[in-house]
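Understanding the architecture of this molecule
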Amino acid sequence: MSEDWPEDAALAELQAVMFEVLARGGSAEEAARALHDPALAAWVRSADPRAWEVAALLVAKWGRREED
Amino acid sequence: MRTAEASRQRPLVGLSLMPDAHFLALLRPLLERGAIEAVEWTIDFSFEEEGPAELLDFCAESDRLFGHGVGYSPLSARRSQHQERWLAAAKEATRRRRYRRLSEHFGFLRAPPFRSGPPLPMPFTKDVLRIGQDRLKRLADATGVPVGLENLALAFSREDALRHGEFLDALLEPVDGFLCLDLHNLYCQQHNFALGPELLASYPLDRVRVLHVSGGSFSQPSMTEAGQLFRRDTHDSEVPREVFALLPAALAAAPNVELIMLERLSESLESPHDLERDLEALHAILDEEEAL
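Remember, it's a predicted structure, so these values are computed and weren't measured experimentally.

Describing the packing of aromatic side chains
- Following the criterion strictly, the structure yields 9 aromatic pairs over all chains and no others.
- Here the aromatic rings of phenylalanine 19 of chain A and phenylalanine 108 of chain B are separated by 5.6 Å at their centres, their planes lie at 90 degrees, and the arrangement is edge-to-face. On the criterion of chain membership, the pair formed by phenylalanine 19 of chain A in helix 1 (residues 9-23) and phenylalanine 108 of chain B in the loop between strand 4 (102-105) and strand 5 (114-116) is interchain, its members lying in two chains. Of the two residues, phenylalanine 19 of chain A and phenylalanine 108 of chain B, neither departs from the other in class, the shared state being buried.
- On the numbers, 5.8 Å between centres and 75 degrees between planes, the contact of phenylalanine 47 of chain B with tryptophan 86 of chain B is edge-to-face. With phenylalanine 47 of chain B in helix 3 (residues 45-48) and tryptophan 86 of chain B in helix 5 (residues 81-96), this pair connects stretches of sequence that are 39 residues apart.

Some thoughts on the confidence of the model for chain B
All names here are of chain B.
- When pLDDT is averaged across chain B, the result is 94; 97% of the residues are at 70 or more.
- Note on residues 1-5: pLDDT is under 50 here. Beyond four places in sequence and across chains, it has 4 contacts.
- Here the complex is predicted with pTM 0.95, and the ipTM for its interfaces comes to 0.95.

As for the packing of helix 8 (residues 183-193) of chain B against helix 10 (residues 241-253) of chain B
Residue and element names in this part refer to chain B.
- Running from N to C, helix 8 and helix 10 point in directions that differ by 110 degrees, and their axes come no closer than 9 Å. Classified by the interaxial angle, the pair formed by helix 8 and helix 10 is roughly perpendicular. Viewed along their axes, helix 8 and helix 10 form a crossing whose handedness is right-handed. Mapping the contact onto sequence places Leu183, His184, Leu186, Tyr187 and Gln190 in helix 8 and Glu242, Val243, Leu246, Leu247 and Ala250 in helix 10.
- Among the residues forming the contact of helix 8 with helix 10, the class breakdown is 7 nonpolar, 2 polar and 1 charged.

Details of the pairing of strand 11 (residues 259-263) of chain B
All names here are of chain B.
- Across the 5 residues of strand 11, 5 count as buried, placing the element largely inside the fold.
- Where strand 1 (residues 12-16) lies against strand 11, 4 bridges are found, and the strand directions are parallel. Within the sheet, the bridge partner assigned to leucine 12 lies in strand 11 and is leucine 259.
- Taken together, the 5 bridges between strand 8 (residues 208-214) and strand 11 define a ladder with parallel strand orientation. Each bridged residue has a counterpart across the sheet, and for histidine 212 the counterpart in strand 11 is methionine 261.

Re the sheet that holds strand 7 (residues 178-182) of chain B
- Judged by pairing direction, the barrel is parallel, and its 8 strands sit side by side in the order 1-2-3-4-6-7-8-11 (chain B) before closing back on the first. In this sheet, neighbouring strand axes are inclined to one another by 30 degrees on average, regardless of whether the strands run parallel or antiparallel.

Some details on the environment of leucine 205 of chain B
Residue and element names in this part refer to chain B.
- Position of leucine 205 relative to the elements: it lies in the loop between helix 9 (197-201) and strand 8.
- Residues leucine 205 and valine 257, spaced 52 residues apart in sequence, show a C-alpha to C-alpha distance of 9.3 Å.
- Apart from the residues lying within four places of it in its own chain, the contact partners of leucine 205 are Leu181, Leu200, Ala253, Ala254 and Pro255.

Description of the pattern of salt bridges
Residue and element names in this part refer to chain B.
- All chains considered together, the criterion is met by 29 salt bridges over all chains.
- Two residues, glutamate 50 and arginine 97, come together in a salt bridge whose shortest N-O distance is 3.1 Å. With glutamate 50 in the loop between helix 3 and helix 4 (53-61) and arginine 97 in the loop between helix 5 and strand 4, the pair connects residues that are 47 residues apart, well separated along the chain.
- Residue glutamate 50 is classed as partly exposed on the basis of its relative accessible area of 37%.

With respect to the interface of chain A and chain B
- Chain A puts 40 residues into the contact, and the matching count from chain B is 48 residues.
- Taken as a group, Trp5, Phe19 and Arg50 of chain A account for 20% of the area that chain A buries against chain B, more than any other trio of residues on that side.
- At the boundary of chain A with chain B, the tally comes to 1 salt bridge.
- Put simply, arginine 130 of chain B and aspartate 8 of chain A hold a salt bridge, and the shortest N to O gap is 3.6 Å.
- Summed over the shared surface of chain A and chain B, the number is 15 residue pairs in polar contact (both at pLDDT 80 or more).
- Residue composition of the side of chain A that touches chain B, by class: 24 nonpolar, 4 polar and 12 charged.
- In terms of strand pairing, strand 1 (residues 64-65) of chain A meets strand 5 of chain B through 2 bridges, oriented antiparallel. Considered in strand 5 of chain B, the bridge of arginine 64 of chain A is made with serine 116 of chain B.

Focus: the side chain of serine 217 of chain B
- Among the structural elements, serine 217 of chain B can be located in strand 9 (residues 217-219).
- Engagement of the side chain of serine 217 of chain B in a polar contact is seen with the side chain of threonine 234 of chain B, the distance being 2.8 Å.

Some points on helix 1 of chain A
All names here are of chain A.
- If you check helix 1, its first and last C-alpha atoms are 21 Å apart, about what 15 residues at 1.5 Å a residue would give, namely 21 Å.
- Buried residues of helix 1: Leu11, Ala12, Leu14, Gln15, Val17, Met18, Phe19, Val21 and Leu22, and no others.
- Between a side-chain oxygen at the N-terminus of helix 1 and the backbone nitrogen of alanine 10 the separation is 3.1 Å; the capping residue is aspartate 8.
- Following helix 1 by one or two positions, glycine 25 has its phi on the positive side, about 75 degrees.

Calculation notes
- Residues numbered from 1 in each chain as written.
- Chains lettered and ligands numbered in written order.
- Predicted model: local features only at pLDDT ≥ 70, side-chain atom pairs only at ≥ 80, totals over all residues.
- Heavy atoms only, no water.
- Phe/Tyr/Trp six-rings, centres within 6.5 Å; stacked < 30°, edge-to-face > 60°.
- Helix = DSSP H or I, 4+ residues; strand = E, 2+ residues; numbered from the N terminus.
- Buried < 20%, exposed > 50% of the residue type's maximum accessible area, 1.4 Å probe, protein only.
- pLDDT = per-residue confidence, 0-100.
- Contact = heavy atoms within 4.5 Å.
- Axes fitted to C-alpha atoms, helices over the stretch in contact; angles between N-to-C directions.
- Parallel < 35°, antiparallel > 145°, perpendicular 65-115°, else oblique.
- Left-handed = near helix turned anticlockwise from the far one by under 90°.
- Nonpolar A, V, L, I, M, F, W, Y, C, P; charged D, E, K, R; others polar.
- Pairing = 2+ DSSP bridges.
- Salt bridge = Lys/Arg side-chain N within 4 Å of Asp/Glu carboxyl O.
- Buried area = accessible area lost by both parts, 1.4 Å probe.
- Polar contact = N/O pair within 3.5 Å; in protein donor to acceptor, adjacent residues only side chain to side chain.
- Expected span 1.5 Å × (residues − 1).

Written out as structure tokens, the structure reads:
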């Protein structure tokens, strides 16, 4: 196994945006607008609002920042 | 079909251990009565503390110890020190004690500046697949244990829910990994997206080695009318009848199940009876399956 761990900038942006927007209770549309990759933005935009809201509840409960 | 199934070994009935004294005290009479045949230990618990070493060692020596992880975050897009430390700790945990299998969650729970969170879904793309396959290979190499993934309760859409099985199959294929099929998570998706038996059929059922069963709860999303509840995997109640009802179909369609594991949060338990009721129901379903 290589020491070179594959990474992906667009996916990293998606994951960071999801956590940030969910943590402050923002909408999927808000998260989608913050993304540069159109396909990933479309995926976020397609989220069922109920599922997005539950994800926000989960992040509010379990999310921990580096400084926490 | 029934003839072929009859030759398989009866799955074990197990319990996912919580590390606190209250849970372990409730466990003792159930172990003495033989209601628990295997245990699942969340290896993250013992990264900081030893846990119930005597019980874990006993289960390991009889090949009835299954490992579970919650902190690896196999679909995180960025390498992190947290992930590397988790992998090193998992390597040490599996060196110290023999686990029959080790599962993690399908999703990501870490993205800087967040060091942890709930497992969240990702879209099924070639880039996510490439990262997830790499992280699973690293986990398999580090631990030397057969590795697998557990299906998520949360999906962002009906279409995503129906693709999770195909996604998991592709992630697991390079390491010949197993599926830890959580039937309560499956029930959550069925309820939340009005899905039927097609959801179970969408999973790679020949990869299933472990079934999870648990209870959960409902949330009332703010934008839906009263009564349109969203099911969540909260592990804080008894197993609902809908999950027990899924079990015979899952056992019939998944020919390689080794273990049925009950999950329940410690703080939701008052007496051993709260666990015993669900464990007895699992044994009874297996008895009925054997009698067919």
